[in-house]
Amino acid sequence: MTANAANTPKDTLIEVSRAHLPLTCPTPDMALWNQHPKVVIPIEANGTAKCPYCGAAYRLID
């Protein structure tokens, strides 16, 4: 991953690779104080997805 979603603006796109699948939000590198319930993000279908809780936007890069 190229960004820490807990500390990035909602309009920032976080790039993830297939090594990070299944993608969950919050990710392990997010700040503990800023976590919400863990949810699996279905990014494989079209290569992009947003978290329904925090709005973090993800893009699959490989």
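This text goes with the structure placed above it.
Now for a look at the structure at hand. Here the structure is a predicted model, which means the values were calculated and not measured.

1. A few points about the overall build of the protein chain
Alright, step 1. Broken down by element type, the protein chain carries zero helices and five strands.
Alright, step 2. In the protein chain, which comprises 62 residues, the share counted as buried stands at 40%.
Alright, step 3. For the protein chain, the proportion of contacts with a sequence separation of at least 24, taken over those separated by at least 6, is 44%.
Alright, step 4. Accessible surface computed for the protein chain: about 3,800 Å², of which carbon and sulfur atoms make up 56%.

2. A look at the pattern of salt bridges
Alright, step 1. Applying the stated criterion to the full structure yields one salt bridge.
Alright, step 2. Ionic pairing is found between Glu15 and Arg59, a salt bridge with its closest N-O pair at 2.0 Å. A residue pair is termed long-range when its members are at least 10 positions apart, and Glu15 in strand β1 (residues 13-16) and Arg59 in strand β5 (residues 57-60) qualify at 44 residues.
Alright, step 3. We classify Glu15 as partly exposed; its relative accessible area is 24%.

3. Considering the sheet that holds β1
Alright, step 1. The strand order across the open sheet formed by three strands is β1-β5-β4, and the pairing between neighbours is mixed. Each edge of the open sheet is held by one strand with a lone partner, namely β1 and β4 (48-50). Averaged over all pairs of adjacent strands, the angle between strand axes in this sheet comes to 25°, irrespective of strand direction.
Alright, step 2. Of the pairings in the sheet, the one linking β1 to β5 comprises four bridges and is parallel in character. Opposite Val16, over in β5, you have Leu60 as the bridge partner.

Conventions we followed
Residues numbered from 1 in each chain as written. Predicted model: local features only at pLDDT ≥ 70, side-chain atom pairs only at ≥ 80, totals over all residues. Heavy atoms only, no water. Helix = DSSP H or I, 4+ residues; strand = E, 2+ residues; numbered from the N terminus. Buried < 20%, exposed > 50% of the residue type's maximum accessible area, 1.4 Å probe, protein only. Contact = heavy atoms within 4.5 Å. Areas by Shrake-Rupley, 256 points an atom, 1.4 Å probe, with all protein chains shown as cover. Salt bridge = Lys/Arg side-chain N within 4 Å of Asp/Glu carboxyl O. Pairing = 2+ DSSP bridges. Axes fitted to C-alpha atoms, helices over the stretch in contact; angles between N-to-C directions.

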